[in-house]
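# Observations on the three-dimensional arrangement
Below, each chain spelled out in residue letters.
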Amino acid sequence: MNVQPSASEPAAAAAVAVPEAVPALDTAGPKDPGPGPGPGPGPGPGRGAALVPIVLVVAGGLSVQFGSAVAALLMPKAGALGVVTLRLAAAALILLVVCRPKLRGHSRADWGTVVAFGVAMGGMNTLFYQALDRIPLGIAVTLEVLGPLALSVFASRRLINVVWAGLALVGVVLLGGGGFDRLDPVGVAYALGAGAMWAAYIVFSARTGRRFPQADGLALAMVVAAVLSLPLGIWESGAKLTVPSTLALGAAVAVLSSVLPYTLELMALRRLPASTFAVMMSLEPAIAATAGFLILNQALSTTDALAIALVIGASMGAVRSQTGARQPGARKKG
């Protein structure tokens, strides 16, 4: 069953969808009977079920950042816009074949949500790869993650999440190593713009997951993003996009950076509050730095290691806050 927001939903509530209000995936186990007379549910599946979306987010982050490292190797052959086009077009084709989304039976609001999701996805990819063409992967992701961090502060209803976001922000700044002033300003602007689109992606991914079954909404949004990027990719790269080796690498980037992580994140956002999800995105610079080291030979300094420890600590704190709040014995207001 899909949950649809009412027309009278306040603007502030509509701005950030809270996936906790959405039923779990069809593959989930029986629902918690909730509070009531008699003994409460046992401690068995509670913590494990709460950790499932956390695992999904981490797996998605690993996939997307290693995919970005592969994309950096592809840019000399296809250009930044060409890589975006290959990635989104291949991902759209794969998702359409696998998901076979239904086009009928959706309201105008449903289509508006999925189009907004596609625009956010296309903008996020285009701006990020423009940044990646000008500044290092770890720094690009460090700047980009400021968008989700800002979202976490504005969306959170708990003071502790503001604290964790602040700690993550310290790590993000430290990961830049004080070198932001020496970076290409255009690349920095692209990365910050990608961060804004990333925040929008989080919002509309959650709303799309509530309105469309399984990954149907993701497949349709990916088509929107691919159509928007296609003219730009053809304009920049032209016939280079048809070289077999380039197409093969583009398909690999699509799976690693789009199909797998977006599917995992959409599943996670059905179970995880948007504010906690946004704070967990602070793991991305650490993952990107690791991918850069392993694939692009970008060494990590002591300062980088300290910054990674800070962002991981902040993410762990956010996870503990979220899982603790959902334990059977957690205290509720009111």
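Since the structure is predicted, the reported quantities are computational estimates derived from the model, not experimental observations. Residues take numbers from 1 onward in each chain, read along the sequence in its written order. With pLDDT at 70 or above as the cut-off, local features in this predicted model cover only qualifying residues; side-chain atom pairs require 80 or more to be listed or tallied, and sums for whole chains, interfaces and linings still use all residues. Hydrogens and waters are ignored; side-chain quantities use all the structure's heavy atoms.

Moving on, we come to the overall build of the protein. Every helix listed is a DSSP run of H or I at least four residues long, and every strand listed is a run of E at least two residues long, numbered separately from the N terminus. When helices and strands are counted, the protein shows 13 helices and zero strands. Each residue gets one of three labels from its accessible area relative to the maximum for its type: buried under 20%, exposed over 50%, partly exposed in between, using a 1.4 Å probe on protein chains only. Looking at the 334 residues of the protein, the share that counts as buried comes to 49%. Contacts are assigned to residue pairs that have any heavy atoms within 4.5 Å of one another. Considering only intrachain contacts with a sequence separation of at least 6, the fraction spanning at least 24 residues in the protein is 89%. Note that accessible areas follow from Shrake-Rupley with a 1.4 Å probe, and for residues the cover is restricted to the protein chains shown. Here the protein has roughly 15500 Å² of accessible surface; of this, 68% comes from carbon and sulfur atoms.

In this analysis, rings of Phe, Tyr and Trp, with Trp reduced to its six-membered ring, are considered paired at centre separations within 6.5 Å, and the interplanar angle assigns stacked below 30 degrees, edge-to-face beyond 60, and tilted for intermediate values. Within this structure, the stated rule accounts for three aromatic pairs. Consider the rings of W111 and F212, whose centres lie 6.5 Å apart with planes at 70°: the pair is edge-to-face. Here the residue W111 occupies a position in helix α4 (residues 108-132), and F212 occupies one in the loop between α8 (185-211) and α9 (216-237), the gap between them amounting to 101 residues. Each ring, one from F128 and one from Y129, has its centre 5.6 Å from the other, and the planes form 75°; the classification is edge-to-face. For the pair formed by F128 and Y129, the shared burial category is buried.

Glancing now at the packing of α4 against helix α10 (residues 244-269). Running from N to C, α4 and α10 point in directions that differ by 135°, and their axes come no closer than 14 Å. In terms of their interaxial angle, α4 and α10 are classed as oblique. Where α4 crosses over α10, the handedness of that crossing is right-handed. The residues of α10 that touch α4, namely those facing F117, M121, M124, N125 and Y129, are V253, S257, Y262 and L266. For this classification, Asp, Glu, Lys and Arg are treated as charged, while Ala, Val, Leu, Ile, Met, Phe, Trp, Tyr, Cys and Pro are nonpolar and the rest, including Gly, are polar. Of the residues contributing to the contact of α4 with α10, the split by class is seven nonpolar, two polar and no charged. For every element, the axis is a line fit to its C-alpha atoms; helices are fit only across the contacting stretch, and the angle between N-to-C directions ranges from 0 to 180 degrees. Throughout this description, any angle smaller than 35 degrees is read as roughly parallel, any larger than 145 degrees as roughly antiparallel, any in the 65 to 115 degree range as roughly perpendicular, and the remainder as oblique. Take the far helix as your reference; a near helix turned counterclockwise from it by less than a right angle gives a left-handed crossing, and one turned clockwise gives a right-handed crossing.

On the surface, a cluster of nonpolar side chains totalling about 400 Å² of accessible area is made up of V153, L159, I160, V162 and V163. Take the nonpolar patch: its biggest share by element is four residues, from helix α7 (residues 159-175). Tracing the backbone shows V162 in helix α7. With relative accessibility at 34%, the residue V162 sits in the partly exposed group. Note that patches include only residues with greater than 30% relative accessible area and no salt bridge, and the join distances are 9 Å for like charges and 5 Å for nonpolar side chains (Val, Leu, Ile, Met, Phe, Trp, Tyr). Throughout this description, the term salt bridge denotes a Lys or Arg side-chain nitrogen within 4 Å of a carboxyl oxygen of Asp or Glu.

Turning to its location among the elements, A314 is positioned in helix α13 (residues 302-325). Its relative accessible area of 0% is what places A314 among the buried residues. For the pair A314 and N161, spaced 153 residues apart in the sequence, the C-alpha separation amounts to 9.1 Å.

With that settled, the discussion passes to the side chain of Q130. Take Q130: it is sitting in helix α4. Residue Q130 is classed as buried on the basis of its relative accessible area, which comes to 9%. Setting aside anything within four residues of it in sequence, one finds Q130 in contact with A80, L81 and Y190.

Take the environment of V84 next. Mapping V84 onto the fold places it in helix α3 (residues 80-99). Taking the relative accessible area as the measure of exposure, V84 reaches 1% and is therefore buried. Residues contacting V84, with those up to four places away along its chain left out, are N125, T126, Y129 and S229.

This part takes up the confidence of the model for the protein. When pLDDT is averaged along the protein, the result is 74; 75% of the residues meet or exceed 70. Here helix α1 (residues 11-15) stands out as the least confident element of the protein, with mean pLDDT 27; α4 is the most confident, with 92. pLDDT runs from 0 to 100 and stands for how confident the predictor is about each residue. Segment residues 1-44: pLDDT under 50, and 50 contacts once partners within four positions in sequence are set aside and those in other chains are kept. Low pLDDT, under 50, characterises residues 327-334; the predicted model gives this stretch five contacts beyond four residues in sequence or across chains.

Further remarks concern the side chain of T126. With respect to the helices and strands, the residue T126 is situated in helix α4. Engagement of the side chain of T126 in a polar contact is seen with the backbone oxygen of G122, the distance being 2.9 Å. Under this definition, polar contacts are N or O atom pairs within 3.5 Å; protein pairs additionally need one hydrogen-donor-capable and one acceptor-capable atom, and for neighbouring residues in sequence, both atoms have to be side-chain atoms.

A word on the nonpolar core. Looking at soluble globular proteins, one finds that nonpolar side chains tend to be buried together. Put simply, a nonpolar core is a bunch of buried Ala, Val, Leu, Ile, Met, Phe, Trp, Tyr and Cys residues held in one set by side-chain atoms that sit within 4.5 Å of each other. Core analysis: the biggest nonpolar cluster contains 79 residues, and M121, F128, Y129, I135, Y201, L218 and M222 have the highest contact counts within it. Each residue touching M222, except ones within four places of it in the same chain, is listed here: L88, A91, A92, L95, M121, S258 and Y262.

Let us look at the environment of L247. As for its placement among the helices and strands, L247 is situated in helix α10. Along the sequence, L247 and V83 sit 164 residues apart, while their C-alpha atoms lie 9.6 Å from each other. The contact partners of L247, leaving out residues within four places of it in the chain, are L86, L241 and T242.

Turning our eyes to something else, we now look at helix α12 (residues 284-296). For α12, every residue scored as buried is listed here: E284, P285, A286, I287, A288, A289, A291 and G292. Once α12 finishes, N297 follows within two positions and takes phi at roughly 60°, a positive value.

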